[in-house]
Amino acid sequence: MKKTTPVLFAVLFAAPALLPASAYAGSLLRVACYDDNEGATIYINGVNKGECSADVPVSAGSVTVQARKMVDAEHERVWQKTVEMLDNVPKRVEVQLSGPQLTAAAQRQREEQAAKQRQAEAQADLQTAKQNDVAAIERVIRRYQQGDGLKADAGQAKQWLLRLESAKAARVLAAAEGGSAEAMEDLVQRYEQGNGVTQDAAKARQWRERLATIHTQKQAEERRTTLLAKKKEISFFETTLWAITGGKKLAQRDEMSGSTTFSFIILYLPAWLAMDAASVPFKISEQKKIDKELEELALRPAAWGNPDSLIARAAQQSAR
Amino acid sequence: MVKIFLLAPLLRAPLLRARLRQVLLCGMLLCCIQQPAAADTNDMPDTAYTALQWALSDRPDVPAAFRADLTRWQTQHLDICRQPLQYRYFYSRFARAAEAGNHAMPGTGAPACTEPVPFMVQTPKKLETRWIDPSRVRAIHLVYAGKGKGSASRFGHVALQLIICPAPDAAETEASDAACASNLREHLLLGFMAHVDTFEIDVLKGLSGDYRARLFASPFLDAYRGYAIDEFRELYSVPLKLSNSQRGIIIRELSQIHWQYSGEYSFFGNNCASLLQRALRALLPTKAGRPALHDKRIRPDQLFQALLHSGLLESEHINNKTEAEKQGYFFPSTRPYYAKAFTGLSRALENFTFPDLESYLATAPVQRAAMLMSEKNNAVLEHDPHLGEAALILEELSLTREARRFSAGLAQMLSQSGMDKHPERFRARLDTAQQEVFDRCLLQPAKVLADPGPRHNGIPLPADIPVSDAPFLSASCMEGDSPRQLKAVLTVLAKGNEKRWQAIDQAADNWRNTITTVMQLEARLSAAKSAAKNP
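Trainee: Teacher, can you tell me more about the overall build of chain A here?
Mentor: A count of helices and strands for chain A gives eight helices and eight strands. Residues classed as buried in chain A amount to 41% of the 320 residues present. Surface summary for chain A: the accessible area is close to 17,200 Å², and the carbon and sulfur share equals 53%.

Okay, here's the thing in structure tokens:
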């Protein structure tokens with residue numbers, strides 16, 4: 001044996017050189033698969049060459065090797081490599097399959113399904129848009145612009161764009177009627193510019209005036225809320241003081257006025273305790289503001305009713 | 001000489017010599033003591049002195065007081081600045097000017113008392129001492145508050161008004177009569193009233209004289225507000241006919257009565273009219289004989305009418321009420337003004353469906369506010385400041401009424417709780433922290449208010465007048481944990497009175513809602529007026 005092995009190797013390696021050229025042009029490509037890559041189907045330049053591992057004779061030049069192994073009906077694992085083959089120079093590649101991915105067929109199927117879905121949605125949007133639903137109209141416009149579920153159509157998109165403004169205007173009008181200041185502002189602009197509505201200066205003015213009223217009311221309401229919060233802090237004390245004022249004067253009347261049966265003594269009591277349990281700090285500055293207001297109370301009715309009266313002059317003096 | 005010569009033998013008798021020595025010694029002593037004018041042999045009080053004492057007390061011991069005052073006068077211990085009533089009496093009766101320093105009557109050439117005089121003025125928040133310079137008082141008016149609706153107010157009320165001028169300007173220019181008249185904020189009202197020391201007025205005590213009567217001092221505008229606004233009563237303010245010097249003296253004497261007089265208030269017989277009448281007899285001694293100052297058991301309306309026809313008042317000022325209102329001699333009930341405001345609003349505002357003023361005021365404040373603040377009404381009131389002010393004054397009227405309702409409810413509840421009569425029983429129901437707050441914030445202020453204050457023998461010195469700048473209700477009662485503790489105390493108080501407490505709570509809530517509307521309307525009115533001034 002010893003004597004024959006070297007000779008055998010020499011024959012094997014020399015054989016290609018000893019064969020006539022016309023007998024074998026190209027080389028041998030060994031495609032190896034190990035572990036879970038085994039069993040993959042090999043494709044050489046798109047032609048199925050059987051299962052991996054395999055030795056595949058190939059021509060010299062650029063050779064695309066693919067390996068595919070089905071995972072399930074829709075998923076496969078794939079591998080691909082391009083090898084430059086030289087004549088009489090064998091090469092070896094090892095397959096490393098990818099993670100599972102959709103097969104082309106499955107991909108196509110899914111895309112077809114998605115396209116059908118988009119078309120169905122587009123039709124639904126179209127129906128809703130015909131009811132002047134603003135969001136649906138916006139979607140229909142985009143679909144026509146992008147060909148998404150609907151065949152791309154610039155003309156249709158434009159038509160729906162016009163209809164969009166009209167639908168928006170209707171929505172804004174409804175909100176404005178409901179008292180929304182923002183909607184009223186929007187509506188003023190629309191009537192001024194004819195945006196979604198017929199241009200109408202008179203209506204723009206009407207809504208402008210209504211908006212001004214809303215703002216005043218809002219300010220009044222905000223002030224009321226602020227005042228209420230402030231008054232919670234001090235008006236309880238004020239109630240006491242007012243009670244003191246009224247009670248003192250009434251209690252010290254010469255005549256026991258039938259309308260008064262109480263003494264000033266009780267009136268120092270913190271009246272806010274009767275109202276709210278809030279423990280509030282006493283605000284001297286707010287107190288003074290209300291004091292001033294209450295001082296004017298004595299002079300106001302006569303000053304208002306008879307501007308010629310002494311009371312009116314006294315009120316003017318204090319105003320100065 | 002002849003008489004002494006003839007007496008010579010007698011002088012040798014020891015007994016006679018001793019007796020003569022006594023007589024001579026007494027005579028020498030008597031010469032050193034200031035003696036009344038030779039024409040006066042009467043060391044008894046007369047009607048003028050009696051009237052003086054009756055202005056200072058309900059049950060004066062006139063002879064004893066006279067002896068004491070005479071001694072003081074004779075020993076120059078009667079101080080014109082402290083007891084002006086007595087000083088003036090003794091000076092005019094015995095026609096003798098005091099010799100010491102400043103103690104001299106005006107017009108004698110010697111300096112007179114120039115000190116300002118104090119009055120303890122009851123303001124809404126506190127008692128405060130006001131020092132009045134008599135030279136700044138332009139006039140003293142008699143004030144009559146007309147008849148009210150209540151059965152007990154049908155006779156009116158009388159008092160005196162001090163027309164106090166504004167402080168002199170930098171150039172020390174004297175204020176005009178008009179400026180003094182319109183300086184209403186400083187005017188004082190002095191009136192005899194009952195000092196009620198309980199939560200509720202006890203009519204029986206008022207009838208029987210169990211309340212102390214005092215000459216109270218209060219801001220005129222407080223009285224105006226109470227009568228003309230709260231009760232829709234008219235006020236007359238008629239000047240007394242006084243010279244400048246008389247006026248100065250009377251102001252000092254009123255201060256003395258204010259600090260010294262303490263009597264028993266009684267609805268019949270010792271009321272504001274009868275007490276004022278007594279005071280006027282002492283203040284106007286040369287006019288004391290007038291019938292208007294002599295009627296007994298007089299009513300306020302009767303006194304006013306009597307004085308109008310007595311020649312003591314400048315009654316002509318109220319012959320024309322329109323002119324009188326311009327000059328400050330007449331303050332009509334404000335009811336017509338409110339009615340006018342109501343009519344104006346009812347014509348201009350939408351949803352103003354109230355049949356009359358009272359039903360408008362009886363409507364819940366939030367409902368009125370919602371109507372006033374509606375979009376259309378808001379616009380109307382904004383564009384018409386006069387109408388806007390009409391809305392404001394009606395809300396302010398509502399404010400005063402709600403305060404009264406609140407006070408009446410609270411008074412009844414507290415009275416029923418017995419807190420004023422038996423505070424210790426009430427205290428026993430509280431825990432330690434509540435007791436501390438109860439004492440500091442409820443009981444102590446009540447005691448201060450219930451205490452009528454000490455009486456003085458004349459006008460007190462500044463050092464004798466307690467400092468009283470603190471408000472009745474201390475700010476500390478609304479800080480820290482005090483509010484919560486006070487609430488707990490009132491909750492204990494309200495047990496068994498839940499229904500009344502609800503009514504009190506409702507009144508307080510209405511008050512708060514109304515003042516919110518008032519502040520809103522006032523702010524809007526200010527803005528509208530500013531806009532009108534700066535278009």
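Trainee: Is there a simple way to think about the overall build of chain B in this case?
Mentor: A tally of helices and strands in chain B yields 21 helices and nine strands. Of all 535 residues assigned to chain B, the portion counted as buried reaches 52%. Considering only contacts within chain B whose residues lie at least 6 apart along the sequence, 70% involve residues at least 24 apart. Approximately 24,500 Å² of chain B is accessible, and the part contributed by carbon and sulfur atoms is 57%.

Trainee: So what exactly am I meant to see when it comes to helix α9 (residues 244-260) of chain B here?
Mentor: Spanning 17 residues, α9(B) covers 24 Å between terminal C-alpha atoms, matching the ideal 24 Å at 1.5 Å per step. Where burial is concerned, most of α9(B) is hidden: 14 out of the 17 residues are buried.

Trainee: Would you mind going over the state of the cysteines with me for this structure?
Mentor: Covalently bonding the sulfur atom of one cysteine to the sulfur atom of another cysteine gives a disulfide. Residue and element names in this part refer to chain B. Tallied over the entire structure, the rule returns three disulfides over all chains. At a sulfur-sulfur separation of 1.9 Å, the disulfide partner of Cys 81 is Cys 113. Between Cys 81 and Cys 113, the S-S torsion sits near 130°, and that sign places the bridge as right-handed. Taken as a pair, Cys 81 in the loop between α4 (62-74) and α5 (84-94) and Cys 113 in the loop between α5 and β1 (117-122) lie far apart in primary sequence, 32 residues in all. Each sulfur in the disulfide pair Cys 165 and Cys 180 lies 2.0 Å from the other. Taking the sign of the S-S torsion, 105° for the link of Cys 165 and Cys 180, the bridge is right-handed. On the criterion of sequence distance, the pair formed by Cys 165 in the loop between β4 (157-164) and α6 (177-181) and Cys 180 in helix α6 is long-range, its members being 15 residues apart. Under the relative-accessibility criterion, Cys 165 is labelled buried at 4%.

Trainee: Help me understand helix α4 (residues 154-177) of chain A, please; the structure alone is not making it clear to me.
Mentor: All names here are of chain A. With 24 residues, α4 extends 35 Å between its outermost C-alpha atoms, agreeing within 8% with the 34 Å of an ideal straight helix rising 1.5 Å per residue. The set of residues buried in α4 consists of Ala 157, Trp 160, Leu 164, Ala 167, Ala 169, Val 172 and Ala 176. Measuring from the backbone nitrogen of Gly 155 back to the side-chain oxygen at the start of α4 gives 3.0 Å, which picks out Asp 153 as the cap. Downstream of α4 by one or two residues, Gly 179 has phi in the positive range, about 105°.

Trainee: Help me out: how do you make sense of the environment of A:Ala124 in this one?
Mentor: Counting through the fold element by element, A:Ala124 comes out in helix α2 (residues 104-129). Judged by its relative accessible area of 40%, A:Ala124 is partly exposed.

Trainee: It is not clear to me how the side chain of B:Ser482 should be interpreted in this structure. Could you clarify?
Mentor: All names here are of chain B. Position of Ser 482 relative to the elements: it lies in helix α20 (residues 482-494). A polar contact is formed between the side chain of Ser 482 and the side chain of Arg 440, at a distance of 2.9 Å. Here Ser 482 is in contact with Val 437, Arg 440, Ser 476 and Cys 477, once residues within four sequence places are set aside.

Trainee: Would you explain the packing of aromatic side chains in this entry?
Mentor: Residue and element names in this part refer to chain B. Tallied over the entire structure, the rule returns 21 aromatic pairs over all chains. Ring geometry for Phe 232 and Tyr 338: centres 5.9 Å apart, planes at 45°, overall tilted. Here Tyr 338 lies in helix α13 (residues 335-348) and Phe 232 lies in the loop between α8 (220-230) and β7 (235-239), a separation of 106 residues in the sequence. Just as Phe 232 is buried, Tyr 338 falls in that class too. Pairwise contacts between aromatic rings join Tyr 49, Phe 66, Trp 73, Tyr 87, Tyr 89 and Phe 90 into one cluster. Its guanidinium or amino end placed over the ring of Tyr 360, Arg 368 lies 5.6 Å from that ring's centre, counting from NZ or CZ.

Trainee: In this structure, what is going on with the environment of B:Arg67? I would like to understand it.
Mentor: Considering the arrangement of structural elements, one finds B:Arg67 in helix α4. Exposure remark for B:Arg67: the relative accessible area of 53% places this residue in the exposed category.

Trainee: Help me understand the pairing of strand β6 (residues 211-219) of chain B in this model?
Mentor: Two faces belong to every sheet, and in a regular strand the side chains alternate between them. Residue and element names in this part refer to chain B. Most of β6 sits inside the fold, with eight of its nine residues counted as buried. Where strand β5 (residues 188-195) and β6 come together, eight bridges link them in antiparallel fashion. Pairing of Phe 192 across the sheet is with Leu 215, part of β6. Pairing of β6 with strand β8 (residues 263-265) involves three bridges; the strand directions are antiparallel. Following the sheet pairing, Ala 213 is matched in β8 by Gly 263.

Trainee: What is the right way to look at the pattern of salt bridges in this model?
Mentor: Here the idea is simple: oppositely charged side chains can pair when their charged atoms come close. Throughout the structure, instances matching the rule amount to 37 salt bridges over all chains. Among the ionic pairs, A:Arg208 bridges to A:Glu192, the shortest N-O distance being 2.6 Å. With A:Arg208 in helix α6 (residues 201-251) and A:Glu192 in helix α5 (residues 181-193), the pair connects residues that are 16 residues apart, well separated along the chain. For A:Arg208, a relative accessible area of 40% translates into the label partly exposed. A:Arg300 is the partner of B:Glu396 in a salt bridge, and the nearest nitrogen-oxygen pair spans 2.9 Å. Of the two residues, B:Glu396 sits in helix α17 (residues 385-417) while A:Arg300 sits in helix α7 (residues 284-305), which places them in two different chains. The exposure class of B:Glu396 is buried, given its relative accessible area of 2%. What emerges from the salt-bridge pattern is a single network uniting A:Arg118, A:Glu121, A:Asp125, A:Arg139, A:Arg142, A:Arg143 and A:Asp148.

Trainee: What exactly am I supposed to notice about the nonpolar core here?
Mentor: Side chains that are nonpolar tend, in soluble globular proteins, to be buried together. Residues and elements named next belong to chain B. Grouped together as the largest cluster of nonpolar side chains are 74 residues, with contacts concentrated most on Phe 119, Leu 162 and Ile 257. Here this core takes eight residues from helix α10 (residues 272-283), the largest share from any one element. Grouped together as the second largest cluster of nonpolar side chains are 54 residues, Leu 189, Leu 349, Leu 387 and Ala 403 included.

Basis of the calculations
Residues numbered from 1 in each chain as written. Chains lettered and ligands numbered in written order. Predicted model: local features only at pLDDT ≥ 70, side-chain atom pairs only at ≥ 80, totals over all residues. Heavy atoms only, no water. Helix = DSSP H or I, 4+ residues; strand = E, 2+ residues; numbered from the N terminus. Buried < 20%, exposed > 50% of the residue type's maximum accessible area, 1.4 Å probe, protein only. Areas by Shrake-Rupley, 256 points an atom, 1.4 Å probe, with all protein chains shown as cover. Contact = heavy atoms within 4.5 Å. Expected span 1.5 Å × (residues − 1). Disulfide = S-S within 2.5 Å. Polar contact = N/O pair within 3.5 Å; in protein donor to acceptor, adjacent residues only side chain to side chain. Phe/Tyr/Trp six-rings, centres within 6.5 Å; stacked < 30°, edge-to-face > 60°. Lys NZ or Arg CZ within 6 Å of the ring centre and 35° of its normal. Pairing = 2+ DSSP bridges. Salt bridge = Lys/Arg side-chain N within 4 Å of Asp/Glu carboxyl O. Core = buried A, V, L, I, M, F, W, Y, C linked by side-chain atoms within 4.5 Å.

Don't take any of this as a statement about function, it's just geometry.
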